[in-house]
Amino acid sequence: MIGNDRLAVRKTYKLYVGGAFPRSESGRTYEVTDAKGHFLANAAWASRKDARDAVVAARGAFAKWSGATAYNRGQVLYRVAEVMEGRHAQFCEEVAAGEGLSASKARAAVDAAIDRWVWYAGWTDKLAAVLGGANPVAGPYFDFSTPEPTGVVAVLAPQQSSLLGLVSVLAPVLATGNTAVVVTSKERPLPAVTLAEVLATSDVPGGVVNLLTGDAAELGTWLAEHADVDAVDLTGAPAHRAMEFEREAAGTIKRVLRAPTAEPDWTADPGLARMTPFLETKTVWHPIGL
Amino acid sequence: MSVFEYAPAPESRSIVDIAPSYGLFVDGEFVDGTGEPFDSINPATEEVLTKVASGSAADVDRAVRAARRAFERTWGPMRPADRGKYLFRIARLLQERAREFAVLESLDNGKPIRESRDVDVPLAAAHFFYYAGWADKLEHVGLGTQPRPLGVAGQVIPWNFPLMMLAWKVAPALAAGNTVVLKPAETTPLTALLFAEVCRQADLPAGVVNIVTGAGDTGRAVVEHADVDKVAFTGSTDVGRQIARAVAGTRKKLTLELGGKAANIVFDDAPIDQAVEGIVQGIFFNQGHVCCAGSRLLVQESIHDEVIAALQRRIGTLRVGDPLDKNTDIGAINSAEQLARIRELSDIGEAEGAQRWQPAGDLPGRGFWFPPTVFTEVSPAHRIARDEVFGPVLSVLTFRTPDEAVAKANNSTYGLSAGIWSEKGSRILKIADQLRAGVVWANTFNKFDPTSPFGGYKQSGYGREGGRHGLAAYLKGADQ
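Residues numbered from 1 in each chain as written. Chains lettered and ligands numbered in written order. Predicted model: local features only at pLDDT ≥ 70, side-chain atom pairs only at ≥ 80, totals over all residues. Heavy atoms only, no water.

**Observations concerning the overall build of chain B**
Here comes step 1: Helices and strands together make up the secondary structure of chain B, namely 15 helices and 22 strands.
Here comes step 2: A compact globule built from 480 residues should have a C-alpha radius of gyration of about 23 Å, and chain B, at 22 Å, falls within 12% of that.
Here comes step 3: The buried share of chain B, reckoned over its 480 residues, is 62%.
Here comes step 4: For chain B, the share of sequence-separated contacts (at least 6 apart) that also reach a separation of at least 24 residues comes to 75%.
Here comes step 5: Separation between the mean location of the 52 positive side-chain charges and that of the 58 negative ones in chain B comes to 6 Å. (Helix = DSSP H or I, 4+ residues; strand = E, 2+ residues; numbered from the N terminus. Rg over C-alpha atoms; globule rule 2.2 N^0.38 Å. Buried < 20%, exposed > 50% of the residue type's maximum accessible area, 1.4 Å probe, protein only. Contact = heavy atoms within 4.5 Å. Lys, Arg positive; Asp, Glu negative; His and termini not counted. Charge placed at Lys NZ, Arg CZ, Asp CG, Glu CD.)

Next up, the structure:
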């Protein structure tokens, strides 16, 4: 990464909110180390206010993103894969350091993460046909159902798999037309910040994805009870807080994707299971007649 | 107003035979409950119809154990085609005994016989017929080649469409291979108990369907029982919140059909007479005891006076009275408690500055009654524009532009249903796309069908009933 006689320019890792890269309004940071405990960077430690700002940004971006054509959303997500590919080496380095993986295993994780964007990009304009359709009602009506995004989804990203896991929970939220507020892995946040830089240069409108580095145990509470959040994905919630977050989410009847008992194998075929929880079904009736 | 008076045309109640008391239906038998029995009354006369057992936590536990046994020993291992055949049998029995169910429903609930006869009971039978056909085709639901049932479903249903809600819950659960413990509403348990008899006539194996009557505590025991795998609830958003909290931290799958405050949007190009029929159908169907009722009329400002005049003329012809009279349009309010809530919210509407209009005419002296009511000059901040009244009370607001109509329609914590009245197809599709509601009726209202998914956005709940979607709520795929 560095030449022999050149002092490297280090990156400042910040939050990604509303298309911009602010520091935490709280001024807080925390130390991020590699798997062996060596210092890597100081990451922004997002606060309650940052989480609330992120929800405002996600809500503001929802109309445009959910209203874009499925074809357009697919192209934008594919573009994310394209831009990621160009930063392949950087992701490999960050994943290897943060997760303590060998170079080949880190490469496999980055490859899979890029391919996952491609997979979800291809879903955007097929969901309506697979999950919706015409309903043959017993009367003179045309009746059809279509899947629609539920709105703003708060995602507690997995704590272990810092890139493949993150993409695996974020991409389905976007492919279905939702906007996202993501709390990254606390101890391994660096690939998420680099992903934010990719998103910022990939035609993803500002506010569609908001990435907060920090503590899911802390931020999860504010997001689970926030009245303008429509759904929460508790995948990365600490086991001892997940039930409490689910109870808080009940206050506004949020859709909840529960935390798995153990972090799943992110290389497995995702299926539809991470998209359907964030989709509503709208059914429209109209009379048929002359 | 009418030239000729209507002669009464009452449906005979002799077709129903109500026993002096009813037990719980557990493991294929009627058994005594260990809770304090309660009366079920006819809300149109306040006459006590019968005494009904109340299920305690111990009774619920017996029912869940019976359901678990049936799931493991009979219903689960059964050939899917045979499960389907039982459901077809039930559909046919409901059709054969349709008149009996309709009269009993109107007696216990207070709804007009015209509706119980033409809507509730036929739709209940249709639901069983529809899901019966799915039982041996589950690999085509979209959850992979081997979707599995969840196990024991605990189901709690409301009093507004007692038999129909039972069908919406029981039919998909059974078709997917689950067994059920169902708690009907405490004011309307009778058609569920008659349904238990239908299960016996169909020779449905013991324990597949268990019906535990009672009030809120009984429902809580069903929801909180540790051996229930799936909870399905239709009712108020407040209770929905409690249930979502109660199942938090468990592996129970949950679907909720909660309250609503539907906007019914009338554009200036709408055919006024048809729209007025739709407005009336939208809010006065089933006394407005409908979660998807069109309770917020959004009318374009330029046609406001014309629509209101036509609406008042039409409401003046509605007949309020004996639910068993085939001429009746609006029956009794289901309970004294609900009547008190409707009165309270209506009084608040007036106190907040809206104008109340009710047609002339007397209401019956006994029973629970509330006349069809229209509030004009309602502002979006008024409680009658925000709170679910669950009664025959319409709030009228106005708009000038389509954008304003959408903004006002979506300005609600609810998102169950909505209506659009316009002759312009492109406008209908655009507005339907922008409304945050699970069911959008365009140039019609309050239509239901077993093939058509129903359920809400936002705080109107989650999950869908009806169609393939309704079945998925009772199955898990390989990736779940």
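**Here we look at the nonpolar core**
All names here are of chain B.
Here comes step 1: If you look at the biggest cluster of nonpolar residues, it comprises 110 residues, and the most contacted ones within it are Phe 128, Phe 195 and Val 209.
Here comes step 2: Here this core takes 11 residues from helix H5 (residues 162-175), the largest share from any one element.
Here comes step 3: Counting only domains with at least three residues in this core, you end up with domain 1 (21-258 + 460-476) and domain 2 (263-449).
Here comes step 4: Setting aside residues up to four positions removed in sequence, Phe 195 forms contacts with Ile 90, Leu 94, Phe 101, Phe 128, Leu 163, Leu 166, Val 170, Val 209 and Ile 211. (Core = buried A, V, L, I, M, F, W, Y, C linked by side-chain atoms within 4.5 Å. Domains from an automatic or database assignment.)

**Notes on the packing of aromatic side chains**
Here comes step 1: A complete count under the given rule lists 19 aromatic pairs over all chains for this structure.
Here comes step 2: Geometrically, the ring pair formed by Trp 168 of chain B and Phe 454 of chain B is edge-to-face, given 5.3 Å between the ring centres and 70 degrees between the ring planes. Highlighted residues: Trp 168 of chain B in helix H5 and Phe 454 of chain B in the loop between strand S19 (439-442) and strand S20 (457-458), separated in sequence by 286 residues. Taken as a pair, Trp 168 of chain B and Phe 454 of chain B share a single burial class, namely buried.
Here comes step 3: Aromatic pair Trp 441 of chain B and Phe 445 of chain B: ring centres 4.8 Å apart, planes at 45 degrees, arrangement tilted. Side by side, Trp 441 of chain B and Phe 445 of chain B carry an identical accessibility label, which is buried.
Here comes step 4: Among the aromatic residues, those joined into a cluster by ring pairs are Trp 168, Trp 441, Phe 445, Phe 448 and Phe 454 of chain B.
Here comes step 5: Between Arg 59 of chain A and the ring centre of Phe 62 of chain A, over which it is positioned, the NZ or CZ distance is 5.9 Å.
Here comes step 6: A cation over a ring is seen here: Arg 427 of chain B above Phe 267 of chain B, with NZ or CZ 4.8 Å from the ring centre. (Phe/Tyr/Trp six-rings, centres within 6.5 Å; stacked < 30°, edge-to-face > 60°. Lys NZ or Arg CZ within 6 Å of the ring centre and 35° of its normal.)

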